[in-house]
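Here's the letter readout for the chains.
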Amino acid sequence: MFRGLSIQKIGLGISLLGLAGCGIFGKSDRKDQTFGPDYVTNARLEAQRMALLQPELRQGMALYENCEVLAADLNESVQQRWVQQRASISDSVASMLINIDNNTRGDIATTDAATPTAAPEAAADNSAGSADTLTNVQEAGVDEADRYRIGRDQIYVHSFGKIQVIDRSSLQMQGTVDVASWYSPQFFTKDDRLIVVGPAVRDPNEDPVKPIPAGGPEIGTADMPMPFPGYGYSNKVKIAVYSTAPGQLPTLVSESTVDGQYLDSRLVQNQLVLVIRDQIAMETTPVTLEDFADELWYSDARAREFFSSVWANSQRDTAIKVEGEALNGIPCQNYVKRKMADWDRGISKVLTLDTANPQAAAQNLGVIGQGGEIYMTTDSLYLLKTKVEWFEERWGGRAWVGAADEKLLIQQIGFDGATGALNPLADGEVKGRIKDRWALHGMNGGQNLVVASTTGATWGTGEQAAQNHLTVLERDAATQRLVVSGSVENFGTNEDIRSVRYVGNIAYVVTFRQTDPLFAIDIADPNAPKMLSGLKIPGFSTYMHPLASGRLLGVGFDAFSTGQVQGIQVSLFDTSDPTAMNRLDVKTYGNRGSSSDVTQDHHAFFFDSASGLVGIPLVERLDYGSVKFSGAQLLFFDGNTLVDRGRVTHRELIPGYCQSQMAYGGSSLDINRLYRVDDRLITLSPYGLKAYSLTDFASPAATVAFTVPVGECQASYPMPL
């Protein structure tokens, strides 16, 4: 994305290009060159030559020795990227000239250079399941942040810019903590501490809204990740640690901010692990006409006028900006050497903070290009990368996502839960892409990593057809590599993975296109994983949860045999013999348009093994129509069946003007979380709390209604999972 280029200037450039097509731009007294439809710019030829190269895929883990080595490596990519940007500008100018001359002759331009690009792309400007919290987590001992928490003495709920604080024993309101300076805060609780993390709200005085120039990167890519500064979020992450005590509101102990965009966080023992995405800071220089002195159009008066009208005030990146022996606030020697030498300018800042001593300096590590997704165990953090930033297809580049040789790049960072120390361990790659972090599973103390991935596309054929794979990697300390020790390949043809769950030595993988195959794969031997069986049923599960030995619950969607998704489906599977699985029971709720928070956020799933009680938030609809029910569905697991235990709701706590705004999918405005707390079922929503006895769900034993702003319905915002 280019700096210094306004939306108005972009509009002018495009308008001038349109006028050029009408011949208006050609009215000049000067004698100019005539350009035909076969004219190809030198910049295009240079980009096409370089696009034939592939970015280097490196092996092994090491830190950069100093800033000079780091800059030399990254600046090579900066210059490569300018080749594409220069071609974009030069082709836009050539397109204008071709349109003028073809209109004059009555020809029709056929060159693909006729697509205007108002500005080259450049990086954004960055100068400016825990046992004690009851949260459902992926890995034991690795706590995950959520906007609802059950603390040692209190219950915490994020609601409309405040943390509602409720006494855990009496269920009496104790007050609120203002968290309006966070865009969407999430919490951890640990002993007598409440930790709040998340993106800071944009301060318009510090983070003015910046326009997105046409021709810049797509929102959601490495060059413009969501969220982006100026649109609610700032380019800062805020962390606060509060002390807590019975009968008192939390007291602020420490508060800090870090530049970047919040990706994810974990809490292991007392160590808060934060992964923050940032964009490499850049030195810039103006784009000048002299940058195109080798082009045929350089001396053409019309071209020079067009260039000046669009790109006169534009800047381009020339080199990374190192300040005080650091890049983006991280010392150069704390950066892991990038695994792929592409143009990915994203940085993952990995920070560890001792929440028991929050005034102590945080430890940090920088990783370039990795961190689109993370997975963490008690001893390792894995940073993942799928998207490759390289020449676009119009310059002869290639599509990477969905390609037969698509790869997931992995870097393993060792982690010490006692000290927070971070240590680069190994890197590797597997074929394909993953659905989410649940596709990964660490084994044997970080020695092995299992990955379930998909290659190809569900609509593809031949080599491009979707295939699914399970790969086991083993760490080789000598080479610092994650090498393939075994795999199961090419299952679920023409389908993609919808959910993965690892239970003991079995990997359960759900794929879907028209039906739901549930596959069981034995991973006991890392060198020889083997497919055990596959069960085909209608619909698919997006989340799976082990209920007891040999019993697996799936929550997802029902579907017709044609693949058309319908209502919410809850399935109970017998996995006691993984070679011969079967579905013991199934419940379906509502029609197309029905939703459950569980399908996109595992924190919403509730299971109490002591009582066998299962709960899922539910919004039940009739064919995308009016809401039939909102709240939570309760089921009793008796070992072989799922017994309906009734429904609970917060609907009367939700203002009437909000009830009609119940979203399709996404997070419900009704019940979002259920917990068993001190022999009571607690249900939570942004609007209040209800408590029930474990034997009677007909009426609540206690109700707490939160005070919420009049006229507002959006209580919280989705966060990365």
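Figured I'd write up the structure that's included with this text. (Residues numbered from 1 in each chain as written. Predicted model: local features only at pLDDT ≥ 70, side-chain atom pairs only at ≥ 80, totals over all residues. Heavy atoms only, no water.)

### A short note on helix 4 (residues 301-311)
Burial runs high along helix 4: 8 of the 11 residues are buried. Inspection of helix 4 places Ala301, Arg302, Ala303, Phe306, Phe307, Ser309, Val310 and Trp311 among the buried residues, and these make up the whole buried set. With a side-chain oxygen positioned 2.9 Å from the backbone nitrogen of arginine 302, the residue opening helix 4 is aspartate 300. (Buried < 20%, exposed > 50% of the residue type's maximum accessible area, 1.4 Å probe, protein only. Helix = DSSP H or I, 4+ residues; strand = E, 2+ residues; numbered from the N terminus. Polar contact = N/O pair within 3.5 Å; in protein donor to acceptor, adjacent residues only side chain to side chain.)

### As for the side chain of arginine 193
Here arginine 193 is to be found in strand 7 (residues 193-201). A distance of 2.6 Å separates polar atoms of two side chains, one belonging to arginine 193 and the other to asparagine 270. In contact with arginine 193, other than residues within four places in its own chain, are Phe188, Val241, Tyr242, Thr244, Asn270, Thr355 and Ala356. (Contact = heavy atoms within 4.5 Å.)

### Some details on the pattern of salt bridges
Within the structure shown, the criterion is met by 37 salt bridges. Aspartate 291 is paired through a salt bridge with arginine 316; the nearest N and O atoms lie 3.8 Å apart. In this pair, aspartate 291 is assigned in the loop between strand 12 (282-286) and helix 4 and arginine 316 in strand 13 (residues 315-320), connecting sequence segments 25 residues apart. The salt bridge partner of arginine 551 is aspartate 574, with a shortest N-O separation of 2.9 Å. You can see arginine 551 sitting in strand 32 (residues 551-559) and its partner aspartate 574 sitting in strand 33 (residues 565-574), a full 23 residues away along the chain. Taken as a pair, arginine 551 and aspartate 574 share a single burial class, namely buried. Each of the salt bridges in this network shares a partner with another, and the network as a whole consists of Glu56, Arg58, Asp73 and Arg338. (Salt bridge = Lys/Arg side-chain N within 4 Å of Asp/Glu carboxyl O.)

### Comments concerning the packing of aromatic side chains
Applying the stated criterion to the full structure yields 17 aromatic pairs. Here the aromatic rings of tryptophan 438 and tyrosine 543 are separated by 5.7 Å at their centres, their planes lie at 85 degrees, and the arrangement is edge-to-face. Here tyrosine 543 lies in strand 31 (residues 540-548) and tryptophan 438 lies in the loop between strand 22 (422-431) and strand 23 (440-443), a separation of 105 residues in the sequence. Accessibility classification places tryptophan 438 together with tyrosine 543 in one group, the buried group. Through pairs of rings, three or more aromatic residues link up here, namely Trp82, Phe292, Trp297, Phe306, Phe307 and Trp311. The ring centre of tyrosine 298 lies 5.0 Å from the NZ or CZ of arginine 304, which sits over that ring. (Phe/Tyr/Trp six-rings, centres within 6.5 Å; stacked < 30°, edge-to-face > 60°. Lys NZ or Arg CZ within 6 Å of the ring centre and 35° of its normal.)

### Regarding the state of the cysteines
Tallying each qualifying case throughout the model produces 2 disulfides. A disulfide bridge connects cysteine 67 with cysteine 332, and the sulfur atoms are separated by 2.0 Å. Across the S-S bond linking cysteine 67 and cysteine 332, the dihedral sits near 95 degrees, which makes this disulfide right-handed. Exposure remark for cysteine 332: the relative accessible area of 0% places this residue in the buried category. Sulfur-sulfur distance for the disulfide between cysteine 658 and cysteine 713 comes to 2.0 Å. (Disulfide = S-S within 2.5 Å.)

### Examining unusual backbone geometry
A positive phi angle, near 60 degrees, is found at glutamate 325, a position not held by glycine. Relative to the assigned elements, glutamate 325 resides in the loop between strand 13 and strand 14 (326-327). By relative accessible area, which is 49% here, glutamate 325 ends up partly exposed. The phi torsion at asparagine 444 lies on the positive side, around 55 degrees, for a residue other than glycine. You can see asparagine 444 is positioned in the loop between strand 23 and strand 24 (448-455). Classification of asparagine 444 as exposed rests on a relative accessible area of 53%.

### Quick word on the environment of valine 503
Mapped onto the elements of the fold, valine 503 is located in strand 27 (residues 496-503). Assessed through its relative accessible area of 28%, valine 503 is described here as partly exposed. Taking the C-alpha atoms as reference, valine 503 lies 9.2 Å from leucine 552; in sequence the two are 49 residues apart. In contact with valine 503, other than residues within four places in its own chain, are Tyr508, Pro546 and Leu552.

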